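Overview (structure and organization)
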Amino acid sequence: MTASGIHVHDIRNLAVTPDTFGGQSINFYFKTELSRWRGIIHMKGWSDAGTYAAWQLAGNAHTTIENKLYYREGVGTTATSWGNWLSVAFENGANTFTKANAFNAATTFNALVT
């Protein structure tokens, strides 16, 4: 017996924009980003083309282990509408996220939402 899951599209020849998949959807695909094959989660909440942001998380889908996760967001209808990929920090990774940084981030977040 094999487990079933969510289909992941291979879209290596498609220029992905923040609006590629439309709004109110979450999509999964494989594509070369950051010089490696990546498995990417694409989230877009609202459907007004070019008006609302979409965001993505990208993980390694290459033949070697990388132990990195990346995030970006964008607004628009062209492939250049994306912001830069940002590395997500892990406690034991190269980009160590210290307790002091976590406290500062939590304090900043708290100030923004209260």
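Residues numbered from 1 in each chain as written. Predicted model: local features only at pLDDT ≥ 70, side-chain atom pairs only at ≥ 80, totals over all residues. Heavy atoms only, no water.

Turning next to the overall build of the chain. Helices and strands together make up the secondary structure of the chain, namely 1 helix and 6 strands. Each helix and strand of the chain, ordered N terminal to C terminal, gives the series β-β-β-β-β-β-α. Classification of the 114 residues of the chain by burial places 24% in the buried group. Within the chain, contacts between residues separated by at least 24 positions form 28% of all contacts whose residues are at least 6 apart in sequence. Total accessible area on the chain is roughly 7,800 Å²; 57% of this is exposed by carbon and sulfur atoms. (Helix = DSSP H or I, 4+ residues; strand = E, 2+ residues; numbered from the N terminus. Buried < 20%, exposed > 50% of the residue type's maximum accessible area, 1.4 Å probe, protein only. Contact = heavy atoms within 4.5 Å. Areas by Shrake-Rupley, 256 points an atom, 1.4 Å probe, with all protein chains shown as cover.)

Another aspect to go through is the environment of Pro18. Along the chain, Pro18 turns up in the loop between strand S1 (9-10) and strand S2 (25-33). Between the alpha carbons of Pro18 and Trp82 there is a distance of 6.9 Å; along the sequence they are 64 residues apart. Not counting chain neighbours up to four residues away, the residues in contact with Pro18 comprise His42, Lys44, Ala54, Gly74, Val75, Gly76, Thr78, Ser81 and Trp82.

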